[in-house]
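The chain contents come next:
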There are 2 protein chains.
Amino acid sequence: MPTPERTSLEEIVRAARDLLESSGHEGLTMQAVAHRVGVRAPSLYKRVRNRGDLVALVADATLRELGARVEAAATHADDDPRLALARLVRAGRDFARERPAGFRLILAPGTDLRLDPASLEAASAPVLRVAARLAGEERVLDAARTFTAWATGFVSMELAGAFRLGGEVERAFEFGLDRLCHALAIPAS
Amino acid sequence: MPTPERTSLEEIVRAARDLLESSGHEGLTMQAVAHRVGVRAPSLYKRVRNRGDLVALVADATLRELGARVEAAATHADDDPRLALARLVRAGRDFARERPAGFRLILAPGTDLRLDPASLEAASAPVLRVAARLAGEERVLDAARTFTAWATGFVSMELAGAFRLGGEVERAFEFGLDRLCHALAIPAS
DNA sequence: ACCTGAACACCGTTCAAGT
DNA sequence: ACCTGAACACCGTTCAAGT
């Protein structure tokens, strides 16, 4: 005798993401997720293999949302690639502030967690496009990697509270962005 | 009636660090640590308040070791700050490869974990010294932050396996290092 | 076909009882 | 003064039994 579905994978992942932000990684328990979606813990195993699988789904959903944000920030169609780059990294930074725990999850995935290559590609595509305009086709990859490394490092240091003096952070951000654009632009010696 | 001490805080932290690297964050259990030092789990609470406290001690010990490594790399007394900077970041990179789990712990600390400011300061002092030589006193802080952000971001991307093509990583590293040195050096326009 | 309670192994932590 | 077994609450996961 069929039973009506009382929840869905989408709802489960959404609950898990919210829980991750509100209660941290260790607060993301199967029981807490189940309670949020109005079901008992064992029922989750109908849609999800185990907790690790759910965490991977949370990471992927977060990565995809980050990609969409960055993509949206890149479609303003600027003339100046520096302005575009500034908007890209600001979009990522805003996202990291909204979902710090999720951002950390995709920044420093655990031993096992493997991010979906397709999601990674989608998230980096806009950066590559702008990097090509700034640094030229021959150096796209190196330039994009340098830029991405700085941006993710800056944001993670910010999240970790590595900067003690609040007001200075914004200046360090502007400084780094400006210097990097100079260093990566085509006519760089 | 006194009982002879069967272990020590130092031994416990060392066991916890090894366990973190070999079994990951979730493998770092009180029981596993206790077993390693030849004691039962409840005995650990004589030296450590709880698991979170132990994790914080692990993070601090790791940060201090990283600081010592970076400091050692900085004391070659070069003339060229660019070479010194290259050695600094290579030291950090080597360390991250030896202790990836520990590195991730100090890079992206959990919600609660607070790193000891003194340890953070000791680890960043060498970077500040070299940054001052490269970028000048007025811009030390901004330069050091830009450089540190790039280095930590690069290493964490490397650890996360964000670079798919092995051979290219070294070139991207050299590229970034070279471009950053150019961008941060005193005569930068 | 989905949901559940019961059960199992495991974990962190406390505490009274041992030496 | 340190160590331990027993106990408790909690967690992930499985599974037979319900509908």
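Each value, and the rule that gives it
Residues numbered from 1 in each chain as written. Chains lettered and ligands numbered in written order. Predicted model: local features only at pLDDT ≥ 70, side-chain atom pairs only at ≥ 80, totals over all residues. Heavy atoms only, no water. Phe/Tyr/Trp six-rings, centres within 6.5 Å; stacked < 30°, edge-to-face > 60°. Lys NZ or Arg CZ within 6 Å of the ring centre and 35° of its normal. Domains from an automatic or database assignment. Contact = heavy atoms within 4.5 Å. Buried area = accessible area lost by both parts, 1.4 Å probe. Salt bridge = Lys/Arg side-chain N within 4 Å of Asp/Glu carboxyl O. Nonpolar A, V, L, I, M, F, W, Y, C, P; charged D, E, K, R; others polar. Polar contact = N/O pair within 3.5 Å; in protein donor to acceptor, adjacent residues only side chain to side chain. Helix = DSSP H or I, 4+ residues; strand = E, 2+ residues; numbered from the N terminus. Buried < 20%, exposed > 50% of the residue type's maximum accessible area, 1.4 Å probe, protein only.

Residues and elements named next belong to chain A. All told, the structure shown has 8 aromatic pairs over all chains when counted by the stated rule. Every member of this aromatic cluster is reached through a ring pair, and the members are Phe147, Trp150, Phe154 and Phe173. The ring of Phe173 has Arg93 lying over it, and the distance from NZ or CZ to the ring centre is 4.1 Å.

Residue and element names in this part refer to chain A. Domain annotation of chain A identifies domain 1 (1–48) and domain 2 (59–184). Placing the centre of domain 1 and that of domain 2 at their C-alpha centroids yields a distance of 30 Å. Every contact between the two is made by 6 residues of domain 1 and, on the other side, 10 residues of domain 2. In total, domain 1 and domain 2 occlude about 580 Å² of area from one another, counting both sides; carbon and sulfur atoms represent 48% of this. The largest share of the area that domain 1 buries against domain 2 comes from Arg17, Leu20 and Glu21, three residues that together contribute 84% of it. The interface formed by domain 1 and domain 2 includes 2 salt bridges. Between Asp18 and Arg99 there is a salt bridge; the shortest N-O distance is 3.5 Å. When the residues that make up the side of domain 1 that touches domain 2 are grouped by side-chain class, the tally is 2 nonpolar, 1 polar and 3 charged.

Further remarks concern the interface of chain A and chain B. With 38 residues of chain A in contact, the opposing surface of chain B contributes 38 residues. Carbon and sulfur atoms supply 60% of the area buried between chain A and chain B, which totals about 3,400 Å² over both sides. One can count 2 salt bridges joining chain A with chain B. One salt bridge connects Arg171 of chain B with Asp142 of chain A, and the closest N-O pair in it is separated by 3.2 Å. Counting across the interface, chain A meets chain B through 4 residue pairs in polar contact (both at pLDDT 80 or more). Listed by contribution, the elements that provide at least two residues to the side of chain A that touches chain B are α6 (100–107), α7 (117–135), α8 (140–159) and α9 (166–184) of chain A. Take the side of chain A that touches chain B: its biggest share by element is 12 residues, from α8 of chain A. For the side of chain A that touches chain B, the class distribution of residues is 19 nonpolar, 10 polar and 9 charged.

The next subject is the environment of Asn50 of chain B. Residues and elements named next belong to chain B. Tracing the sequence through the fold places Asn50 in the loop between α3 (41–44) and α4 (51–74). As for Asn50 and Arg40, which are separated by 10 residues in sequence, their C-alpha atoms are 14 Å apart. Beyond its immediate chain neighbours, meaning those up to four positions away, Asn50 contacts Met30 and Tyr45. Among the polar contacts listed, one links the side chain of Asn50 to the backbone nitrogen of Gly52, at a separation of 3.2 Å.

On to the pattern of salt bridges. According to the stated counting rule, one finds 34 salt bridges over all chains in the structure shown. Measuring nitrogen to oxygen at the nearest pair gives 3.0 Å for the salt bridge that ties Glu71 of chain A to Arg129 of chain A. You can see Glu71 of chain A sitting in helix α4 (residues 51–74) and its partner Arg129 of chain A sitting in helix α7, a full 58 residues away along the chain. With a relative accessible area of 28%, Glu71 of chain A lands in the partly exposed category. Owing to a relative accessible area of 41%, Arg129 of chain A belongs among the partly exposed residues under this scheme. Measuring nitrogen to oxygen at the nearest pair gives 3.8 Å for the salt bridge that ties Arg90 of chain B to Glu170 of chain B. Placement of the pair is Arg90 of chain B in helix α5 (residues 81–98) and Glu170 of chain B in helix α9 (residues 166–184), with a sequence separation of 80 residues. The partly exposed category is assigned to Arg90 of chain B, whose relative accessible area is 31%. Beyond isolated ion pairs, a larger network of salt bridges with shared partners links Arg90, Arg93, Arg97, Glu158, Glu170 and Glu174 of chain A.

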